[in-house]
Every structure is written in structure tokens, then in C-alpha cells.
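# Structural features, examined
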Amino acid sequence: MNARRFLLPGIIMLAACSPDGEHRTAAHRMSWKHPERAIISGHSLTDGAYPDQLALIMAGPSDRLQVDAHNIAGSTIATRMERGLKAQLSRPGGRYDIMLVTEQHTLLGNIVWSDTIGQLRQAQDAFITGNPDGRSFLFTSWLAIDDLTDPGRWIAVEEAMAPLWRCAASRVNRSLASDGRKDRLEVIPTAAGLAWLVRQATGPEGVPGLTMPSTAETLRQLFTDDVHPTPVASWFVALLTHAFISSRPAPTHRPTSVSIKLDLRLRDLARQFVQLEKNASSATPEQCRDHLIHTALPIYLAYQRDTQWQKDGKRAAYAKWIRHSIEWSIKFRLSDPLSSDLPL
């Protein structure tokens, strides 16, 4: 486990609108004037430069906020809950005001095998036990890019997966509402944001300071390999995180790894993406189920077949694809964990 601590200044929070459209009360918003502690629970995609850059973008003149990074490489939420997260969130005197939590980037597989929805609810319960007025966020993780010379298919799979992260949060929120609770799990669509940034950077107009002569060179500005973000990409993710958490304009300071001109351009692009996301309508449980079965599932499984599963050989990859296509299609039709309203 990689556990680190950072200091963040206090921030005034946005009025929270959960994925199911419920707003927080004015009294709750007032409690967010001076948060003191936050926790990031994730893996290698929430590690690296991201925690430091998040601290930088949240920086202000006073009211500093401590942030603990609870990152375990390659981990699921279930693994982190077993390895200290649950106790850390709910322990006496361990009060956190903000929780950022993410699942492994293979979301559908973890919904099936690792009880993502139930684990999110357990993390939410532990977090709110520690602080009934806390705010929690689901940070969305992205898959590895299959082809650095042509990221079109990766962009398509991330666009297909984006609604499912929101549907996962909405499922948790419906369970909270049915229990008469006011707390909600919000979403920071970082995976969709990175895919959108890659589309802009590799498109006809490009992004000055980011777009290179070739697509592969451009992606090397954003990823150290096929999935982990460079400091430039992490800064864009930090800008998105700030926009979805704080009502204050982002401060002007920047990491030394990002030039002044590129920083300004990334801020403009982050504002554009956030506006697109905030204008998007939320999906009903029925729409979540329809999108999962008819759109996301076939795109996701075909992508995994041609990327991650190839390590076992082409024949094994196709056999796994056929098996999961049949089994998961039946499973999600009979008992879809995203659209169900059964107690968690």
C-alpha cells in the first residue's frame, strides 16, 4: 500500500447534485466552508503526480486540509476495504470531510466478480459513519489504450463505459434514499475527460503545446505507457477534479512540468468538458440497463478480447469472449446490479 499525506487549503463546495438528481440542503452546503481532512482510495491511476497536483490546484490562502492517499496498485475497492480502508474511514477520531474512491479500471468485470456496487455502499457507510456531513466522489478509471497510433477504439470504449460509472453511483444513491439517508455519492468523470482530451489532441485542430507530428507522439505527452498518466495528463485530471468539487475558480499556480501556455489551454479544455458533463441528463434505471446490455457490454467484451485477454492466446481470448458474452448477457438480463432496487 502506498499511503501519503498532503495538505490542502479549505474550499467552499458546490451544491451537490447526485447522479439521481437530488440536491443537498443549504444547511449541508454551509458545513463545507472549512473541511479539514480528505482521503483518496485507489490504485496506480490515482497515484503518481495526481495527489500532489490535486493539492496544488486546491491551494488557497488559508484553512489547510490534510489529504491521505490510500492507494494499492491494481486493487479493487473490496481489496482496499479488507486492507484497512473500512477501519480508516470509520475509526474514532478518523473523521474525513472528502472521500475520493475508484474501482479497478475493468469496471464490468468487477461488478460481476468483486461486488463493486455493494463495496461502494460499504465504503459510503463507513465514510458517513466517520462524518455524517462528508462528501464522497467516485473517480472513474480508464482502460489501457490498445493502439497508441490510433486511439479511436479506446475513446469509443471509454465513451460507452462512462454512463455505467454514473449508473453505479446512482444505484448506490437509490439505496441510500430508500434507507432515508441524505448523503449521496457523486461522480468525477475523469476517464471520459481523458478520452475527450485525447480526441481533441489527435483531432484535426489539435491542442497547441500538446499535439505532436504523430498520434503516438501526442499520446506520449499524456501517457507514460498505455494507461498511466504523465504529469501533464494528471494535471488535466486534477483540474477536472477541482471543477467537480469546488465552487471557487481554480488558482493560477501550476506544476513546473506544465508550461504557462499549455496550462491555460488545459484549463480552457477542462472548462469545456465540465460544461458538457453538467449539461448531460441523468439516466433512469431502465436506461442504465438498456445501455449496459445493448451498448456497453458488447463493446467492452470485444475490447477486452482484443487487448487484455490476448496474453493467453487468440484462441483462449475468443473462447473467453464467447463465454462471457453469453453468461454476462443472461446475468444482466435476469439480475442487473445497476438497475436493481433491491437492498444493498
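Since we're looking at a predicted model, the values are computed, not measured.

### Details of the packing of helix α7 (residues 190-202) against helix α9 (residues 231-245)
At a minimum axis distance of 10 Å, the contact between α7 and α9 shows a crossing angle of 130°. Accordingly, the angle class assigned to the pair α7 and α9 is oblique. In the packing of α7 onto α9, the handedness of the crossing is right-handed. Together, Thr190, Gly193, Leu194 and Leu197 of α7 and Ala233, Phe236, Val237, Leu240 and Thr241 of α9 make up the contact between the two elements. In terms of residue class, the contact of α7 with α9 is built from six nonpolar, three polar and no charged.

### Some details on unusual backbone geometry
Notably, Asp115 is not glycine yet its phi reads approximately 55°, a positive angle. Summarising the element assignment, Asp115 is placed in the loop between α4 (107-113) and α5 (116-130). Classification of Asp115 by relative accessible area gives partly exposed; the value is 40%.

### What about helix α6 (residues 152-178)?
Counted at 1.5 Å a residue, the expected span for α6 with its 27 residues is 39 Å, and the 40 Å between its end C-alpha atoms agrees. In the structure, α6 departs most strongly from a straight axis at Met161, where the bend amounts to approximately 25° and where the proline Pro163 lies between one and four residues downstream. Burial runs high along α6: 20 of the 27 residues are buried. Gly180 occupies a position one or two residues after α6 and carries a positive phi of about 75°.

### Some thoughts on the confidence of the model for the chain
Predicted confidence across the chain gives a mean pLDDT of 87, with 87% of residues reaching 70 or more. Within the model, pLDDT remains below 50 along residues 3-31, and this stretch shows 106 contacts once partners closer than five positions in the same chain are excluded.

### Comments concerning the packing of α6 against helix α11 (residues 285-306)
Where α6 contacts α11, the axes come no closer than 9 Å and their chain directions differ by 140°. It follows from the interaxial angle that α6 and α11 lie oblique. As for how α6 packs across α11, the hand of that crossing is left-handed. Every residue of α11 that contacts α6 at Arg153, Trp154, Val157, Ala160, Met161, Pro163, Leu164, Cys167 and Arg174 is listed here: Pro285, Cys288, His291, Leu292, Ala296, Ile299, Tyr300, Ala302, Tyr303, Arg305 and Asp306. Residues belonging to the contact of α6 with α11 are distributed by class as follows: 15 nonpolar, one polar and four charged.

### Concerning the pairing of strand β5 (residues 135-139)
When you tally the buried positions in β5, you get five out of five residues, the bulk of the element. Where burial is concerned, the two faces of β5 agree: the one with Arg135, Phe137 and Phe139 and the one with Ser136 and Leu138 are both buried. Where strand β4 (residues 98-101) meets β5, four bridges bridge the pair, whose relative direction is parallel. Counterpart to Val101 in the pairing with β5 is Leu138. In this sheet, strand β6 (residues 185-188) lies alongside β5 in parallel orientation, the contact comprising four bridges. Paired with Ser136 across the bridge in β6 is Leu185. A crossover connection joins β5 to the parallel β6 through α6; in handedness this β-α-β unit is right-handed.

### Re the state of the cysteines
Summed over all chains, the structure comprises one disulfide. Across a sulfur-sulfur distance of 2.0 Å, Cys167 and Cys288 are joined as a disulfide pair. Where Cys167 bonds to Cys288 through sulfur, the torsion about that S-S bond is close to -90°, and the disulfide is left-handed. Separated by 121 residues along the polypeptide, Cys167 in helix α6 and Cys288 in helix α11 bring together distant segments of the chain. Residues Cys167 and Cys288 agree in their burial class; the two are buried.

Analysis parameters
Residues numbered from 1 in each chain as written. Predicted model: local features only at pLDDT ≥ 70, side-chain atom pairs only at ≥ 80, totals over all residues. Heavy atoms only, no water. Axes fitted to C-alpha atoms, helices over the stretch in contact; angles between N-to-C directions. Helix = DSSP H or I, 4+ residues; strand = E, 2+ residues; numbered from the N terminus. Parallel < 35°, antiparallel > 145°, perpendicular 65-115°, else oblique. Left-handed = near helix turned anticlockwise from the far one by under 90°. Contact = heavy atoms within 4.5 Å. Nonpolar A, V, L, I, M, F, W, Y, C, P; charged D, E, K, R; others polar. Buried < 20%, exposed > 50% of the residue type's maximum accessible area, 1.4 Å probe, protein only. Expected span 1.5 Å × (residues − 1). Bend = angle between axes of the 7 residues up to and from the residue. pLDDT = per-residue confidence, 0-100. Pairing = 2+ DSSP bridges. Right-handed = clockwise from strand over helix to strand, strands pointing away. Disulfide = S-S within 2.5 Å.

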